[in-house]
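Here is how the chains run, residue by residue.
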Amino acid sequence: MTVRTSADSGAGESSGAAGPGPAGLGIGPDDLSDGLVVADERGRVVCFNAAAERITAVSAVHALGAPLERALPLEDLEGRRWWQLTDPYGGLAIRVGQPERNLLLPGGREVLVTARYVRSRPTGPVLRVVVSIRDTEARRRTERSHAELIATVAHELRSPLTSVKGFTATLLAKWERFTDEQKRLMLETVDADANRVTRLIAELLDISRIDSGRLEVRRQPVDIAAAVSRHIQAHVASGRPAERFLLRVTQPLPAVWADPDKVDQVLSNLLENAVRHGDGTVTIDVEPTDPVGASVTVSDEGPGIPEESMNRVFTRFWRGSKRGGTGLGLYIVKGIVEAHGGSITVGRAPGGGARFRFMLPVAAPAYLNA
Ligand SMILES: Nc1ncnc2c1ncn2[C@@H]1O[C@H](COP(=O)(O)OP(=O)(O)O)[C@@H](O)[C@H]1O
Ligand SMILES: [Mg+2]
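For clarity, every value in this text was computed on a predicted model and none was experimentally measured.

Novice: Before we go on, may I ask you to explain the environment of Ala294 in this structure?
Specialist: Mapped onto the elements of the fold, Ala294 is located in strand S10 (residues 293–299). When the C-alpha atoms of Ala294 and Ala255 are compared, they prove to be 8.1 Å apart, with 39 residues separating the residues in sequence. Leaving out residues up to four positions away in the same chain, Ala294 has contacts with Leu253, Val256, Glu287, Pro288, Thr289, Phe358, Met359 and Leu360.

Listed below in C-alpha coordinates is the structure:
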(Lines give C-alpha, C1' and ligand atoms only; values in the text may rest on other atoms or scores of the structure.)
(Ligands and ions follow the chains in the order given, each with its own letter.)
Protein backbone atom coordinates (compact mmCIF):
# COMPACT_ATOMS: atom_id res chain seq x y z
CA MET A 1 0.00 0.00 0.00
CA THR A 2 1.18 3.55 -0.61
CA VAL A 3 1.89 6.20 2.02
CA ARG A 4 -1.42 7.83 1.29
CA THR A 5 -3.45 4.94 2.55
CA SER A 6 -2.24 4.30 6.04
CA ALA A 7 -5.88 4.16 7.05
CA ASP A 8 -5.62 0.78 8.70
CA SER A 9 -3.45 2.20 11.48
CA GLY A 10 -6.53 4.00 12.80
CA ALA A 11 -9.45 2.54 14.74
CA GLY A 12 -10.19 -1.14 14.21
CA GLU A 13 -13.38 -0.57 12.24
CA SER A 14 -12.83 -0.35 8.51
CA SER A 15 -14.68 2.30 6.58
CA GLY A 16 -14.51 0.15 3.47
CA ALA A 17 -13.52 2.91 1.11
CA ALA A 18 -10.30 3.59 2.98
CA GLY A 19 -9.21 -0.05 3.08
CA PRO A 20 -7.16 -1.76 0.44
CA GLY A 21 -10.27 -2.64 -1.56
CA PRO A 22 -11.60 -5.96 -2.87
CA ALA A 23 -9.05 -8.69 -2.17
CA GLY A 24 -6.97 -9.72 -5.12
CA LEU A 25 -8.18 -6.99 -7.47
CA GLY A 26 -5.56 -4.54 -6.32
CA ILE A 27 -8.07 -1.68 -6.39
CA GLY A 28 -7.26 1.14 -4.00
CA PRO A 29 -8.35 4.69 -3.19
CA ASP A 30 -6.03 6.03 -5.87
CA ASP A 31 -8.15 4.35 -8.52
CA LEU A 32 -11.11 6.56 -7.66
CA SER A 33 -11.73 9.55 -9.88
CA ASP A 34 -13.27 11.42 -6.93
CA GLY A 35 -11.14 12.83 -4.17
CA LEU A 36 -11.29 10.72 -1.00
CA VAL A 37 -10.17 12.05 2.36
CA VAL A 38 -10.60 10.05 5.57
CA ALA A 39 -10.00 11.38 9.09
CA ASP A 40 -9.71 9.19 12.18
CA GLU A 41 -11.54 9.52 15.52
CA ARG A 42 -9.30 12.46 16.51
CA GLY A 43 -9.88 14.32 13.26
CA ARG A 44 -6.45 13.51 11.82
CA VAL A 45 -6.21 12.71 8.12
CA VAL A 46 -5.39 9.04 7.54
CA CYS A 47 -6.19 8.78 3.84
CA PHE A 48 -5.71 11.36 1.08
CA ASN A 49 -5.96 9.77 -2.34
CA ALA A 50 -4.43 10.83 -5.66
CA ALA A 51 -7.61 12.52 -6.88
CA ALA A 52 -7.77 14.55 -3.65
CA GLU A 53 -4.19 15.68 -4.28
CA ARG A 54 -5.08 16.70 -7.81
CA ILE A 55 -8.24 18.56 -6.87
CA THR A 56 -6.89 20.35 -3.79
CA ALA A 57 -3.30 20.77 -5.03
CA VAL A 58 -2.18 19.63 -1.55
CA SER A 59 0.25 16.72 -1.44
CA ALA A 60 -0.67 13.65 0.58
CA VAL A 61 2.60 13.91 2.48
CA HIS A 62 1.45 17.24 3.90
CA ALA A 63 -2.14 16.20 4.45
CA LEU A 64 -1.60 12.87 6.21
CA GLY A 65 -1.58 13.28 9.98
CA ALA A 66 -2.79 16.87 9.79
CA PRO A 67 -6.12 17.97 11.31
CA LEU A 68 -8.95 17.72 8.79
CA GLU A 69 -9.66 21.45 8.81
CA ARG A 70 -6.05 22.19 7.95
CA ALA A 71 -5.62 19.55 5.26
CA LEU A 72 -8.96 20.47 3.71
CA PRO A 73 -9.76 24.11 4.57
CA LEU A 74 -13.22 24.20 2.99
CA GLU A 75 -15.47 27.23 3.12
CA ASP A 76 -19.08 27.58 2.10
CA LEU A 77 -20.12 30.13 -0.51
CA GLU A 78 -20.60 32.79 2.20
CA GLY A 79 -16.99 32.31 3.32
CA ARG A 80 -17.76 30.41 6.54
CA ARG A 81 -15.45 27.61 7.57
CA TRP A 82 -17.23 24.43 6.81
CA TRP A 83 -15.68 22.16 9.46
CA GLN A 84 -16.51 24.59 12.25
CA LEU A 85 -20.01 24.95 10.87
CA THR A 86 -20.70 21.24 10.60
CA ASP A 87 -18.60 20.08 13.58
CA PRO A 88 -18.63 16.35 12.75
CA TYR A 89 -17.01 15.27 16.03
CA GLY A 90 -19.00 17.48 18.37
CA GLY A 91 -22.37 17.88 16.63
CA LEU A 92 -25.54 15.87 17.08
CA ALA A 93 -24.66 12.26 17.76
CA ILE A 94 -27.34 11.00 15.38
CA ARG A 95 -25.84 12.71 12.32
CA VAL A 96 -24.62 10.29 9.69
CA GLY A 97 -22.99 12.81 7.44
CA GLN A 98 -23.43 15.86 5.28
CA PRO A 99 -25.30 15.90 1.97
CA GLU A 100 -23.55 17.07 -1.20
CA ARG A 101 -22.65 20.75 -1.05
CA ASN A 102 -20.92 23.21 -3.28
CA LEU A 103 -17.91 24.45 -1.31
CA LEU A 104 -14.80 26.48 -1.96
CA LEU A 105 -11.16 25.52 -1.59
CA PRO A 106 -8.54 28.19 -0.84
CA GLY A 107 -8.07 30.17 -4.04
CA GLY A 108 -11.79 29.98 -4.79
CA ARG A 109 -11.89 26.63 -6.56
CA GLU A 110 -15.38 25.18 -6.40
CA VAL A 111 -15.85 21.55 -5.41
CA LEU A 112 -18.75 19.28 -4.57
CA VAL A 113 -18.31 17.73 -1.15
CA THR A 114 -20.12 15.00 0.74
CA ALA A 115 -19.15 13.67 4.15
CA ARG A 116 -20.08 10.46 5.90
CA TYR A 117 -19.61 9.97 9.64
CA VAL A 118 -18.77 6.41 10.63
CA ARG A 119 -19.78 5.55 14.21
CA SER A 120 -19.20 2.31 16.12
CA ARG A 121 -22.87 2.31 17.09
CA PRO A 122 -25.78 4.55 15.99
CA THR A 123 -25.26 7.33 18.57
CA GLY A 124 -21.69 6.52 19.49
CA PRO A 125 -18.67 8.75 18.90
CA VAL A 126 -17.43 9.36 15.37
CA LEU A 127 -14.69 6.92 14.45
CA ARG A 128 -14.07 8.20 10.97
CA VAL A 129 -15.10 11.02 8.74
CA VAL A 130 -15.11 9.99 5.10
CA VAL A 131 -15.10 12.96 2.75
CA SER A 132 -15.61 12.71 -0.99
CA ILE A 133 -14.66 15.66 -3.18
CA ARG A 134 -15.76 16.08 -6.76
CA ASP A 135 -14.30 18.47 -9.20
CA THR A 136 -17.00 20.64 -10.75
CA GLU A 137 -14.79 21.67 -13.67
CA ALA A 138 -15.84 18.75 -15.90
CA ARG A 139 -19.52 19.43 -15.25
CA ARG A 140 -19.02 23.10 -15.97
CA ARG A 141 -17.35 22.25 -19.25
CA THR A 142 -20.32 20.14 -20.41
CA GLU A 143 -22.71 22.86 -19.32
CA ARG A 144 -20.71 25.42 -21.25
CA SER A 145 -20.65 23.24 -24.36
CA HIS A 146 -24.43 22.78 -24.11
CA ALA A 147 -24.89 26.51 -23.86
CA GLU A 148 -22.64 27.03 -26.88
CA LEU A 149 -24.57 24.41 -28.83
CA ILE A 150 -27.87 26.13 -28.09
CA ALA A 151 -26.44 29.49 -29.11
CA THR A 152 -25.14 28.07 -32.40
CA VAL A 153 -28.41 26.29 -33.16
CA ALA A 154 -30.41 29.43 -32.42
CA HIS A 155 -28.15 31.42 -34.69
CA GLU A 156 -28.35 28.84 -37.50
CA LEU A 157 -32.15 28.82 -37.33
CA ARG A 158 -32.45 32.56 -37.11
CA SER A 159 -30.69 33.53 -40.32
CA PRO A 160 -32.98 31.60 -42.71
CA LEU A 161 -36.04 32.57 -40.67
CA THR A 162 -35.05 36.22 -40.81
CA SER A 163 -34.99 35.96 -44.57
CA VAL A 164 -38.34 34.14 -44.69
CA LYS A 165 -39.88 36.78 -42.44
CA GLY A 166 -38.40 39.64 -44.47
CA PHE A 167 -39.65 38.39 -47.82
CA THR A 168 -43.12 37.39 -46.64
CA ALA A 169 -43.57 40.74 -44.86
CA THR A 170 -42.46 42.61 -47.99
CA LEU A 171 -44.76 40.60 -50.23
CA LEU A 172 -47.74 41.05 -47.92
CA ALA A 173 -47.20 44.79 -47.61
CA LYS A 174 -46.46 45.57 -51.27
CA TRP A 175 -47.97 42.71 -53.24
CA GLU A 176 -49.28 44.92 -56.10
CA ARG A 177 -46.00 46.69 -56.61
CA PHE A 178 -44.02 43.63 -57.69
CA THR A 179 -44.00 41.92 -61.03
CA ASP A 180 -44.74 38.19 -61.19
CA GLU A 181 -41.10 37.57 -61.89
CA GLN A 182 -40.02 39.43 -58.73
CA LYS A 183 -42.60 37.63 -56.63
CA ARG A 184 -41.44 34.29 -57.97
CA LEU A 185 -37.84 35.13 -57.08
CA MET A 186 -38.78 36.06 -53.52
CA LEU A 187 -40.90 32.95 -53.07
CA GLU A 188 -38.07 30.80 -54.35
CA THR A 189 -35.78 32.28 -51.70
CA VAL A 190 -38.42 31.68 -49.03
CA ASP A 191 -38.78 28.11 -50.26
CA ALA A 192 -35.01 27.50 -50.16
CA ASP A 193 -34.73 28.98 -46.67
CA ALA A 194 -37.63 26.87 -45.41
CA ASN A 195 -35.87 23.80 -46.82
CA ARG A 196 -32.72 24.84 -45.04
CA VAL A 197 -34.53 25.04 -41.71
CA THR A 198 -36.13 21.63 -42.29
CA ARG A 199 -32.76 20.11 -43.15
CA LEU A 200 -31.14 21.68 -40.14
CA ILE A 201 -33.81 20.30 -37.83
CA ALA A 202 -33.46 16.82 -39.35
CA GLU A 203 -29.70 17.04 -38.78
CA LEU A 204 -30.17 18.19 -35.20
CA LEU A 205 -32.47 15.24 -34.54
CA ASP A 206 -29.84 12.91 -35.98
CA ILE A 207 -27.26 14.48 -33.72
CA SER A 208 -29.40 14.09 -30.66
CA ARG A 209 -29.91 10.40 -31.53
CA ILE A 210 -26.19 9.92 -32.07
CA ASP A 211 -25.23 11.71 -28.85
CA SER A 212 -27.72 9.78 -26.76
CA GLY A 213 -26.86 6.44 -28.39
CA ARG A 214 -30.40 6.08 -29.78
CA LEU A 215 -29.43 5.93 -33.45
CA GLU A 216 -31.22 2.89 -34.81
CA VAL A 217 -29.35 0.72 -37.29
CA ARG A 218 -31.67 -1.60 -39.22
CA ARG A 219 -29.30 -4.03 -40.84
CA GLN A 220 -29.67 -5.87 -44.08
CA PRO A 221 -27.19 -6.88 -46.79
CA VAL A 222 -26.01 -3.82 -48.68
CA ASP A 223 -24.14 -3.77 -51.99
CA ILE A 224 -21.95 -0.75 -51.37
CA ALA A 225 -20.56 -0.53 -54.89
CA ALA A 226 -24.08 -0.42 -56.32
CA ALA A 227 -25.05 2.25 -53.77
CA VAL A 228 -22.08 4.45 -54.76
CA SER A 229 -22.94 3.98 -58.41
CA ARG A 230 -26.52 5.15 -57.75
CA HIS A 231 -25.28 8.29 -56.03
CA ILE A 232 -23.01 9.12 -58.94
CA GLN A 233 -25.90 8.66 -61.37
CA ALA A 234 -28.04 10.98 -59.28
CA HIS A 235 -25.35 13.69 -59.42
CA VAL A 236 -25.07 13.29 -63.18
CA ALA A 237 -28.85 13.32 -63.60
CA SER A 238 -28.98 16.61 -61.69
CA GLY A 239 -26.62 18.16 -64.23
CA ARG A 240 -23.12 17.48 -63.00
CA PRO A 241 -20.73 16.32 -65.74
CA ALA A 242 -20.16 12.55 -65.68
CA GLU A 243 -16.39 13.11 -66.10
CA ARG A 244 -16.23 14.50 -62.59
CA PHE A 245 -16.70 11.04 -61.14
CA LEU A 246 -14.48 7.98 -61.26
CA LEU A 247 -15.64 4.78 -59.57
CA ARG A 248 -13.14 1.98 -58.96
CA VAL A 249 -14.33 -1.26 -57.41
CA THR A 250 -12.04 -4.03 -56.21
CA GLN A 251 -13.77 -7.43 -56.31
CA PRO A 252 -14.68 -9.68 -54.60
CA LEU A 253 -16.59 -7.43 -52.24
CA PRO A 254 -18.52 -8.85 -49.32
CA ALA A 255 -22.09 -7.67 -48.83
CA VAL A 256 -21.98 -5.72 -45.58
CA TRP A 257 -24.85 -5.88 -43.14
CA ALA A 258 -25.77 -2.27 -42.75
CA ASP A 259 -28.68 0.13 -42.72
CA PRO A 260 -29.13 1.08 -46.41
CA ASP A 261 -30.69 4.49 -45.64
CA LYS A 262 -27.84 5.36 -43.30
CA VAL A 263 -25.22 4.23 -45.82
CA ASP A 264 -26.95 6.49 -48.35
CA GLN A 265 -26.75 9.37 -45.91
CA VAL A 266 -23.00 8.81 -45.47
CA LEU A 267 -22.34 8.53 -49.21
CA SER A 268 -24.50 11.51 -50.02
CA ASN A 269 -22.64 13.70 -47.51
CA LEU A 270 -19.17 12.63 -48.63
CA LEU A 271 -19.91 12.97 -52.35
CA GLU A 272 -21.67 16.29 -51.88
CA ASN A 273 -18.69 17.59 -49.88
CA ALA A 274 -16.23 16.37 -52.51
CA VAL A 275 -18.16 18.14 -55.25
CA ARG A 276 -18.98 21.30 -53.33
CA HIS A 277 -15.86 21.85 -51.21
CA GLY A 278 -13.48 19.99 -53.50
CA ASP A 279 -12.66 20.28 -57.17
CA GLY A 280 -11.61 18.25 -60.22
CA THR A 281 -12.30 14.55 -60.45
CA VAL A 282 -13.95 12.85 -57.52
CA THR A 283 -12.55 9.33 -57.26
CA ILE A 284 -14.40 6.71 -55.25
CA ASP A 285 -12.61 3.48 -54.42
CA VAL A 286 -14.62 0.61 -53.01
CA GLU A 287 -12.46 -2.19 -51.64
CA PRO A 288 -12.70 -5.26 -49.44
CA THR A 289 -10.98 -4.89 -46.07
CA ASP A 290 -9.26 -7.10 -43.56
CA PRO A 291 -10.93 -7.96 -41.16
CA VAL A 292 -13.85 -8.75 -43.43
CA GLY A 293 -15.74 -5.66 -44.48
CA ALA A 294 -15.73 -2.97 -47.11
CA SER A 295 -14.15 0.44 -47.34
CA VAL A 296 -15.11 3.45 -49.39
CA THR A 297 -12.53 6.13 -50.15
CA VAL A 298 -13.67 9.45 -51.58
CA SER A 299 -10.85 11.60 -52.94
CA ASP A 300 -11.01 14.88 -54.79
CA GLU A 301 -8.58 17.35 -56.35
CA GLY A 302 -9.64 20.49 -54.55
CA PRO A 303 -7.80 22.50 -51.91
CA GLY A 304 -8.12 19.68 -49.35
CA ILE A 305 -8.32 20.18 -45.63
CA PRO A 306 -5.44 22.00 -43.93
CA GLU A 307 -3.34 19.72 -41.76
CA GLU A 308 -4.13 21.74 -38.63
CA SER A 309 -7.89 21.41 -39.16
CA MET A 310 -8.04 17.69 -39.84
CA ASN A 311 -8.89 16.81 -36.26
CA ARG A 312 -11.77 19.29 -36.32
CA VAL A 313 -13.67 18.28 -39.45
CA PHE A 314 -15.72 15.72 -37.57
CA THR A 315 -16.82 18.13 -34.84
CA ARG A 316 -20.22 19.79 -34.79
CA PHE A 317 -20.61 23.06 -36.71
CA TRP A 318 -17.05 23.16 -37.95
CA ARG A 319 -16.89 24.81 -41.34
CA GLY A 320 -13.67 25.44 -43.18
CA SER A 321 -14.95 27.42 -46.12
CA LYS A 322 -17.59 29.97 -46.93
CA ARG A 323 -19.16 27.43 -49.26
CA GLY A 324 -20.09 25.39 -46.24
CA GLY A 325 -23.54 24.36 -45.15
CA THR A 326 -24.28 23.74 -41.50
CA GLY A 327 -21.02 22.01 -40.60
CA LEU A 328 -22.99 19.08 -39.19
CA GLY A 329 -22.62 16.67 -42.11
CA LEU A 330 -19.33 15.04 -41.16
CA TYR A 331 -20.26 14.82 -37.50
CA ILE A 332 -23.35 12.83 -38.49
CA VAL A 333 -21.37 10.74 -40.97
CA LYS A 334 -18.92 9.75 -38.25
CA GLY A 335 -21.78 8.97 -35.84
CA ILE A 336 -23.49 6.71 -38.38
CA VAL A 337 -20.29 4.89 -39.35
CA GLU A 338 -19.41 4.29 -35.71
CA ALA A 339 -22.94 3.09 -34.92
CA HIS A 340 -22.25 0.36 -37.50
CA GLY A 341 -19.04 -0.59 -35.71
CA GLY A 342 -16.98 1.03 -38.46
CA SER A 343 -14.48 3.88 -38.57
CA ILE A 344 -13.73 6.95 -40.67
CA THR A 345 -10.54 8.86 -41.34
CA VAL A 346 -9.58 12.01 -43.18
CA GLY A 347 -6.36 12.63 -45.05
CA ARG A 348 -4.81 14.09 -48.14
CA ALA A 349 -5.51 12.61 -51.56
CA PRO A 350 -2.61 11.84 -53.92
CA GLY A 351 -3.98 14.61 -56.17
CA GLY A 352 -3.77 17.14 -53.32
CA GLY A 353 -7.44 17.29 -52.35
CA ALA A 354 -9.29 15.83 -49.40
CA ARG A 355 -9.60 12.12 -48.88
CA PHE A 356 -12.25 10.56 -46.67
CA ARG A 357 -12.19 6.85 -46.07
CA PHE A 358 -14.73 4.88 -44.12
CA MET A 359 -14.83 1.21 -43.32
CA LEU A 360 -17.85 -0.92 -42.48
CA PRO A 361 -17.35 -4.35 -40.97
CA VAL A 362 -19.41 -7.31 -42.07
CA ALA A 363 -21.53 -7.85 -38.99
CA ALA A 364 -21.17 -11.27 -37.38
CA PRO A 365 -24.22 -13.54 -37.84
CA ALA A 366 -24.44 -13.98 -34.05
CA TYR A 367 -25.06 -10.28 -33.74
CA LEU A 368 -27.77 -10.34 -36.39
CA ASN A 369 -29.58 -13.21 -34.76
CA ALA A 370 -29.65 -11.35 -31.47
N1 LIG B 1 -13.86 17.29 -49.82
C2 LIG B 1 -13.58 18.37 -49.07
N3 LIG B 1 -12.65 19.27 -49.48
C4 LIG B 1 -12.37 20.36 -48.74
N5 LIG B 1 -12.97 20.67 -47.58
C6 LIG B 1 -13.91 19.83 -47.14
C7 LIG B 1 -14.28 18.64 -47.83
N8 LIG B 1 -15.24 18.00 -47.12
C9 LIG B 1 -15.48 18.75 -46.03
N10 LIG B 1 -14.68 19.85 -46.03
C11 LIG B 1 -14.63 20.89 -44.99
O12 LIG B 1 -15.20 20.40 -43.81
C13 LIG B 1 -16.24 21.25 -43.35
C14 LIG B 1 -17.30 20.43 -42.63
O15 LIG B 1 -17.99 19.59 -43.51
P16 LIG B 1 -19.47 19.17 -43.18
O17 LIG B 1 -19.49 18.67 -41.77
O18 LIG B 1 -19.96 18.25 -44.24
O19 LIG B 1 -20.26 20.54 -43.18
P20 LIG B 1 -20.80 21.42 -44.40
O21 LIG B 1 -20.63 20.64 -45.67
O22 LIG B 1 -22.23 21.63 -44.04
O23 LIG B 1 -20.00 22.68 -44.36
C24 LIG B 1 -16.73 21.95 -44.59
O25 LIG B 1 -17.32 23.20 -44.28
C26 LIG B 1 -15.46 22.08 -45.41
O27 LIG B 1 -14.77 23.25 -45.03
MG1 LIG C 1 -21.28 18.66 -45.84
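That shown, we press on.
Novice: Sorry, what's going on with the nonpolar core here?
Specialist: Membership of the largest hydrophobic core comes to 47 residues, with the highest contact counts inside it found for Ile224, Ile284, Val296, Phe356 and Phe358. At 7 residues, helix H8 (residues 260–276) tops the list of elements feeding residues into this core. Look past the residues within four positions of Val296 in its chain and what remains in contact with it is Ile224, Val228, Leu267, Ile284, Asp285, Val286, Phe356, Arg357 and Phe358. Core analysis: the second largest hydrophobic core is formed by 26 residues, Val37, Ala39, Ala71 and Trp82 among them.

Novice: Sorry, what's going on with the environment of Ala363 here?
Specialist: Mapped onto the elements, Ala363 comes out in the loop between strand S12 (354–361) and helix H10 (365–369). Separated by 106 residues in sequence, Ala363 and Trp257 place their C-alpha atoms 5.7 Å apart.

Novice: Just checking my understanding: could you explain the site of ligand 1 for this structure?
Specialist: In the vicinity of ligand 1 there are 20 residues, among which Asn273, Asp300, Gly320, Gly327 and Leu330 approach most closely. The separation between an oxygen atom of ligand 1 and a polar side-chain atom of Arg276 is 3.5 Å. Across the complex, the protein chains shield 96% of the 530 Å² of accessible surface that ligand 1 would expose by itself. Secondary structure elements with two or more residues in the shell around ligand 1: H8, helix H9 (329–339) and S12. Grouping the amino acids of the shell around ligand 1 by side-chain chemistry returns 7 nonpolar, 10 polar and 3 charged.

Cut-off values and rules
Residues numbered from 1 in each chain as written. Chains lettered and ligands numbered in written order. Predicted model: local features only at pLDDT ≥ 70, side-chain atom pairs only at ≥ 80, totals over all residues. Heavy atoms only, no water. Helix = DSSP H or I, 4+ residues; strand = E, 2+ residues; numbered from the N terminus. Contact = heavy atoms within 4.5 Å. Core = buried A, V, L, I, M, F, W, Y, C linked by side-chain atoms within 4.5 Å. Buried < 20%, exposed > 50% of the residue type's maximum accessible area, 1.4 Å probe, protein only. Near = heavy atom within 4 Å. Polar contact = N/O pair within 3.5 Å; in protein donor to acceptor, adjacent residues only side chain to side chain. Areas by Shrake-Rupley, 256 points an atom, 1.4 Å probe, with all protein chains shown as cover. Nonpolar A, V, L, I, M, F, W, Y, C, P; charged D, E, K, R; others polar.

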